[in-house]
Amino acid sequence: QFREIYGLDEREVQPGASIDALIRKAIAKDDRFDVAKSEDRRAVTWREHRLARLASGRTISIRSAPTPDGGWVSTHADISEREIAAATLADRVAELTHARNSLETQKLELMATTEALSAAKDAAEAATRAKSDFLAMMSHEVRTPMAGMMGMIDLLAASDLDDEQHSLAGIAQDSARNLLSVVN
């Protein structure tokens, strides 16, 4: 498994071969593999070292600890798939964050549009009320003198008039009634 992880062949991995040298040979960059040695050989301190990617593109995680006899033990694990999954997850999180930010921007734009539409609606309703108030006031202002004129024309038509004057008073009455219908 060690040979497989580091892409080494049987000739390179022989009893007594320096694992440190084999690992450095397998590393794509010239990173120094540093084994932490504890002053107290009785204490086992595991340390994780992540090496640079291998020439094969794999990422290896090495955990090592000193042994009481002055040597050391280590575990070597190919974490390439985990690294790829972590990168994929980070990309997806970035995409989702971007989408969330975009949606938040759209939400703020919609809220601003809603406020603008609400203000426009309020203005339109105010204009409609003003128009209705104006028409009601004008209707009253026209109706009052109109009623006075119709009353006077009725009195005039009921008085002693010759036929031509009576006809003209009737035309004035009809005209006043038609004008009142328009105002109404």
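Up top is the structure these notes are about.
Residues numbered from 1 in each chain as written. Predicted model: local features only at pLDDT ≥ 70, side-chain atom pairs only at ≥ 80, totals over all residues. Heavy atoms only, no water.

### Quick notes on the overall build of the chain
Looking only at helices and strands, one finds 4 helices and 3 strands in the chain. Helices and strands in the chain line up, N terminus first, as α-α-β-β-β-α-α. Looking at the chain as a whole, 20% of its 184 residues are labelled buried. Counted over contacts in the chain with a minimum sequence separation of 6, partners at least 24 positions apart contribute 39%. Carbon and sulfur atoms form 56% of the exposed surface of the chain, whose accessible area is close to 13500 Å². (Helix = DSSP H or I, 4+ residues; strand = E, 2+ residues; numbered from the N terminus. Buried < 20%, exposed > 50% of the residue type's maximum accessible area, 1.4 Å probe, protein only. Contact = heavy atoms within 4.5 Å. Areas by Shrake-Rupley, 256 points an atom, 1.4 Å probe, with all protein chains shown as cover.)

### Description of the pairing of strand β3 (residues 72-78)
Looking at chain direction, strand β2 (residues 60-66) and β3 are connected through 7 bridges and run antiparallel. The residue bridging P66 from the neighbouring strand is W72, located in β3. In this antiparallel pair of consecutive strands, β2 and β3, the connection spans 5 residues, and G70 shows a positive phi of 95°. (Pairing = 2+ DSSP bridges.)

### A short note on the nonpolar core
Membership of the largest hydrophobic core is limited to 7 residues, which are I5, Y6, L8, L22, I23, I60 and I62. For this core, the elements supplying multiple residues, two or more each, are α1 (2-6), α2 (19-26) and β2. (Core = buried A, V, L, I, M, F, W, Y, C linked by side-chain atoms within 4.5 Å.)

### Notes on the side chain of S80
Considering the arrangement of structural elements, one finds S80 in helix α3 (residues 80-158). Not counting chain neighbours up to four residues away, the residues in contact with S80 comprise G57, R58 and T59.

### As for the side chain of Q173
With respect to the helices, strands and loops of the structure, Q173 is situated in helix α4 (residues 163-183). Here the side chain of Q173 touches D154 through a polar contact of 2.5 Å, side chain to side chain. Apart from residues no more than four positions distant in its own chain, Q173 is found in contact with I153, D154 and A157. (Polar contact = N/O pair within 3.5 Å; in protein donor to acceptor, adjacent residues only side chain to side chain.)

### Re the packing of α3 against α4
Taken N-terminus to C-terminus, the directions of α3 and α4 make an angle of 160°; their axes are 10 Å apart at the nearest point. Between α3 and α4, the crossing angle belongs to the class labelled roughly antiparallel. Here α3 and α4 pass one another in a crossing that is left-handed. On the side of α3, the interface is formed by S139, V142, R143, M146, M150, I153, D154 and A157, while α4 contributes H166, A169, A172, Q173, A176, R177, L179, L180 and V183. A breakdown of the residues in the contact of α3 with α4 according to their chemical character gives 11 nonpolar, 3 polar and 3 charged. (Axes fitted to C-alpha atoms, helices over the stretch in contact; angles between N-to-C directions. Parallel < 35°, antiparallel > 145°, perpendicular 65-115°, else oblique. Left-handed = near helix turned anticlockwise from the far one by under 90°. Nonpolar A, V, L, I, M, F, W, Y, C, P; charged D, E, K, R; others polar.)

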